[in-house]
Amino acid sequence: MGVASIQTDEHWMRHALAAAKQAQQLDEVPVGAVLVIDNELVASANNSPISLNDPTAHAEVCVLRKAAQQMNNYRLPGSTLYVTLEPCMMCAGAMLHARVNRLVFGAYDEKTGVAGGCFNWLQDQKHMHKVIVRGGVLQQECAQLLQSFFKSKRQLK
């Protein structure tokens, strides 16, 4: 991968981190996502399951919903989804259905991640649609945001 791609991925991951910080301000788990097509921001979202009373309102699902509305299409070909935490099975399934071209994530999730952290389901060759995956972009910053959030939660108990 060229230097320009690494710089581009870090640029957009910083946008996802900003969305994650918005989630944290709302007392949601700080996960943020942005969807980009042709190096243009299409949509941005953060985790919202608590505030929306919706267990499916993960940052990835929210950004896919916003992007689909923006593009007036439930398919998002040529898109790259940037998210601060490795996606779970639900979110990865939504990406496959939306035909996301590429996934870039920050922190690995060793408990529920399906792009290499816990499982490698997203790269399973049985899927009709293939998503290109790059993990670990700004990994320390993404992980630190989550760790500090949960540490503060434990201290409040």
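The preceding data block contains the structure.
Just so it is clear, the structure is predicted and the values come from calculations on it, not from any experiment.

**Q** Help me out: how do you make sense of the sheet that holds strand E5 (residues 132-134) in this one?
**A** In sheet architecture, strand pairing relies on hydrogen bonds along the backbone and comes in two forms, parallel and antiparallel. Taken together, the five strands give an open sheet; going across it, the order is E2-E1-E3-E4-E5, and neighbouring strands pair in mixed fashion. Because the sheet does not close on itself, it has two edges, and the strands there are strand E2 (40-46) and E5. Averaged over all neighbouring strand pairs, the angle between strand axes comes to 15 degrees, with direction disregarded. Both strand E1 (residues 32-37) and strand E3 (residues 79-85) contribute to a ladder of five bridges, which runs antiparallel. Looking at E3, one finds that Val34 is bridged to Tyr82.

**Q** Please clarify how the packing of aromatic side chains should be interpreted in this entry.
**A** Aromatic ring pairs: the centre-centre distance and the angle between the two ring planes describe each pair. In the structure shown here, the tally under the stated rule is two aromatic pairs. Judged by centre distance (4.9 Å) and plane angle (80 degrees), the rings of Phe105 and Tyr108 are edge-to-face. Judged by relative accessible area, Phe105 falls into the buried class, the value being 0%. With a centroid separation of 5.2 Å and 80 degrees between ring planes, the pair formed by Phe149 and Phe150 is classed as edge-to-face.

The rules behind these values
- Residues numbered from 1 in each chain as written.
- Predicted model: local features only at pLDDT ≥ 70, side-chain atom pairs only at ≥ 80, totals over all residues.
- Heavy atoms only, no water.
- Pairing = 2+ DSSP bridges.
- Helix = DSSP H or I, 4+ residues; strand = E, 2+ residues; numbered from the N terminus.
- Axes fitted to C-alpha atoms, helices over the stretch in contact; angles between N-to-C directions.
- Phe/Tyr/Trp six-rings, centres within 6.5 Å; stacked < 30°, edge-to-face > 60°.
- Buried < 20%, exposed > 50% of the residue type's maximum accessible area, 1.4 Å probe, protein only.

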